[in-house]
Amino acid sequence: MRASEFIIEAAEYKTIPKVFPDGDLKLTTHFDRDRRVERNIDMERVLDMCHRAAVQWPDKLRDINPGSSFVIADWDNFRVAIVKRERLGNGFDYILTTARDDLRTGPDQVVIRLR
């Protein structure tokens, strides 16, 4: 199952408001309960990466089309995969699907490299 397909099926999210310039960060239950624990992922680091992306690349984030996935990459190649989804009403949800070292990316996938 592709990450974007999984997102549509997931019913529960943990929401962290106003992380991105035009929306909230949401963690899937699968990521928050299973993958984060299994991979010993530091959520403080993930949140820091998302905040830095929002500060360093706000226009790039706004330009990502809803329904598209993108990756935020830190200096040591730790990466976070996110799907941007339009919220009913206004704004967007940025749904974190996974995070890990050396996460593979697609040829047309937007990669936001942090400074």
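Residues numbered from 1 in each chain as written. Predicted model: local features only at pLDDT ≥ 70, side-chain atom pairs only at ≥ 80, totals over all residues. Heavy atoms only, no water.

Q: Give me the nonpolar core: which residues, what numbers.
A: Proteins that are soluble and globular tend to have nonpolar side chains buried together. Within the largest apolar cluster, 26 residues are counted, with the highest numbers of intra-cluster contacts made by Phe20, Val46, Leu61 and Ile72. Broken down by secondary-structure element, the contributors of at least two residues to this core are strand E1 (13–20), strand E2 (23–28), helix H3 (43–56), strand E3 (69–73), strand E4 (78–86) and strand E5 (92–101). Setting aside residues up to four positions removed in sequence, leucine 61 forms contacts with Phe20, Pro21, Ala53, Ala54, Phe70, Lys84, Tyr94 and Ile112. Counting residues in hydrophobic clusters, the runner-up holds five residues, among them Val71, Ala73, Leu103 and Val111. (Core = buried A, V, L, I, M, F, W, Y, C linked by side-chain atoms within 4.5 Å. Buried < 20%, exposed > 50% of the residue type's maximum accessible area, 1.4 Å probe, protein only. Helix = DSSP H or I, 4+ residues; strand = E, 2+ residues; numbered from the N terminus. Contact = heavy atoms within 4.5 Å.)

Q: Report on the sheet that holds E5, specifying residues and quantitative values.
A: A sheet is described by the order of its strands in space; here six strands give the open sequence E1-E2-E5-E4-E3-E6, paired in mixed fashion. In this open sheet, the two edge strands, each paired with only one partner strand, are E1 and strand E6 (110–113). Strand-to-strand twist of the sheet, defined as the mean angle between neighbouring strand axes without regard to direction, takes the value 30 degrees. In the sheet, E3 pairs with E4 via five bridges, with the strands oriented antiparallel. In the strand pairing of E4, valine 71 is matched with alanine 81. Against the sheet, helix H2 (residues 29–38) contacts E1, E2 and E5, and its axis sits at roughly 50 degrees relative to E2. (Pairing = 2+ DSSP bridges. Axes fitted to C-alpha atoms, helices over the stretch in contact; angles between N-to-C directions.)

Q: Hey, could you go over the packing of aromatic side chains for me, with residue numbers and the actual values?
A: This structure, assessed with the given rule, holds two aromatic pairs. Taken together, a centroid distance of 6.0 Å and an interplanar angle of 85 degrees make the contact between phenylalanine 70 and tyrosine 94 edge-to-face. Remark: tyrosine 94 occurs in strand E5 and phenylalanine 70 occurs in strand E3; sequence separation between them is 24 residues. Note on accessibility: phenylalanine 70 and tyrosine 94 belong to one class, buried. In this structure an aromatic cluster arises from ring pairing among Phe20, Phe70 and Tyr94. Seen from the ring of phenylalanine 92, lysine 84 lies directly overhead, with NZ or CZ sitting 4.4 Å from the centre. A cation over an aromatic ring shows up here: arginine 115 above the ring of tryptophan 57, its NZ or CZ 5.0 Å from the ring centre. (Phe/Tyr/Trp six-rings, centres within 6.5 Å; stacked < 30°, edge-to-face > 60°. Lys NZ or Arg CZ within 6 Å of the ring centre and 35° of its normal.)

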